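Structural features, examined
In case you want the letters, here they are:
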Amino acid sequence: MAQVVIRNLNKKFDEVHAVKDVNLDIRDKEFMVFVGPSGCGKTTTLRMIAGLESVTSGQILIGERVVNDLPPMDRDIAMVFQNYALYPHMSVYDNMAFGLKMRKFDREEIRRRVHEAADILGIRDYLHRKPRQLSGGQRQRVALGRAIVRHPQVFLFDEPLSNLDAKLRVQMRVELKKLHERLGTTAVYVTHDQVEAMTLGDRVVVMRDGVVQQVGEPLELYNRPANLFVAGFLGSPAMNFSRVRVAAANGGLRIENEGLRLAVPPPLAGRVGRYVGRELTFGIRPEDLRIATEADPRDLSFEAVVEVVERLGSETLLDLSVGADTMVAAVEPDAPARVRGRLRLAVNPERMHFFDPATET
Ligand code: ADP
Ligand code: MG
């Protein structure tokens, strides 16, 4: 078991600065997820931890050791890739045993570890098969098994579920979580899928263009995104954004544009007050809107035209026109909404977000 510490880590490939000054303390036993769009530097960071990519500058520590100059073999890590990377001509048993044989473990210990991992993963009956005789989910289990038998200090995962179909992906996600509960091994997990990040991570690192945007527990990122990028990246459907002007009104503050005129709740006045006479980006998540009733105050609701109604069963998504903006609202399954109808939507005042357009791109 081990912590992983990353200090001022940089990676340059010629003109591409793929990882920029990353600092991070991954705790012992923690499941840390890196998430961000394709090309933001997740894999490169993971490969530097693994020792598969050289470090341009900075330090990586696993446990108490600086590992910058250690070959992958000596880092006491095990990596699981998206494409499984199984040896096609070897049986499941031999695939799982391979890393241990290379490390000169004795035959009995190899046997014990392979059987133990196969039991954990439910693949005991397939040990004699070849990879091509397995389903995608079974192959991914073998790839996991190959990592587990090593008893490493740290697991490194690079999008291990992205080749599986949607249903299996959800199932394997739950299994990975159980596996981590059981083994408690420190894990660093890379994905572009925000749902995987939110559900698997003890903490999540959001990256963009090689730069860490925010590190925190899933709900911390969801409730208090540090910037517009994090706000827009986490949550599905995505947060709605509207450019608004800030005005002083009756001793309070108000935000307004062509379609919105909303009171700023007093707890947010401190942050928003500096922008009187200027513009802000207002953010509200689809799930923080609902169809208004007569009892809802006018200044915490707004009128919209319904463009699309998507009834998902568990909820209904409404695509709305609000002045010049479009918004999505996630409302009750049987919400009385018709295409081209007009509706009044109420805003949850505790969940209004504001971003400074001058500092956000
Ligand atoms: P992610 O895993 O988040 O999709 P990567 O870490 O693979 O992103 O890539 C980060 C950036 O580094 C991208 O711009 C990518 O094109 C670049 N990159 C990755 N590997 C190499 C390489 N071997 N040579 C040159 N550029 C690379
Ligand atoms: Mg990648």
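Model, not experiment: these values are computed from the prediction.

Observations regarding the overall build of the chain
Counting its regular elements, the chain contains nine helices and 20 strands. Viewed in the frame of its principal axes, the chain has a C-alpha envelope of about 80 × 45 × 35 Å. For the chain, the proportion of its 361 residues judged to be buried stands at 51%. In the chain, once contacts between residues fewer than 6 apart in sequence are set aside, the share between residues at least 24 apart is 67%. By element, 48% of the accessible surface of the chain is carried by carbon and sulfur atoms, the whole surface being about 17,400 Å². Looking at charge distribution, the chain has the averaged site of its 50 positive side-chain charges lying 4 Å from that of its 48 negative ones.

Concerning the sheet that holds strand S4 (residues 57-62)
In space, the four strands of this open sheet follow the order S2-S1-S4-S5, with antiparallel pairing throughout. Unpaired on one side and paired on the other, strand S2 (16-26) and strand S5 (65-66) mark the two borders of the sheet. In this structure, strand S1 (residues 4-13) lies alongside S2, joined through seven bridges in antiparallel fashion. What sits directly across from Lys12, in S2, is His17.

Concerning the domain arrangement of the chain
Considered domain by domain, the chain is made up of domain 1 (4-233) and domain 2 (240-355). Computed from C-alpha atoms alone, the centre-to-centre distance between domain 1 and domain 2 is 40 Å. Facing the eight residues of domain 1 at the interface are seven residues of domain 2. Regarding the contact of domain 1 and domain 2, the summed buried area is about 680 Å², with carbon and sulfur atoms giving 57% of it. Our count for the contact surface shared by domain 1 and domain 2 stands at three residue pairs in polar contact (both at pLDDT 80 or more).

Quick notes on a negative patch on the surface
A contiguous patch of negative charge, built from Glu181, Asp202, Glu217 and Glu220, is present on the exposed surface. For Asp202, a relative accessible area of 36% corresponds to the partly exposed category.

Calculation rules
- Residues numbered from 1 in each chain as written.
- Chains lettered and ligands numbered in written order.
- Predicted model: local features only at pLDDT ≥ 70, side-chain atom pairs only at ≥ 80, totals over all residues.
- Heavy atoms only, no water.
- Helix = DSSP H or I, 4+ residues; strand = E, 2+ residues; numbered from the N terminus.
- Buried < 20%, exposed > 50% of the residue type's maximum accessible area, 1.4 Å probe, protein only.
- Contact = heavy atoms within 4.5 Å.
- Areas by Shrake-Rupley, 256 points an atom, 1.4 Å probe, with all protein chains shown as cover.
- Lys, Arg positive; Asp, Glu negative; His and termini not counted.
- Charge placed at Lys NZ, Arg CZ, Asp CG, Glu CD.
- Pairing = 2+ DSSP bridges.
- Domains from an automatic or database assignment.
- Buried area = accessible area lost by both parts, 1.4 Å probe.
- Polar contact = N/O pair within 3.5 Å; in protein donor to acceptor, adjacent residues only side chain to side chain.
- Patch = residues over 30% accessible without salt bridge, like charges linked within 9 Å, V, L, I, M, F, W, Y side chains within 5 Å.
- Salt bridge = Lys/Arg side-chain N within 4 Å of Asp/Glu carboxyl O.

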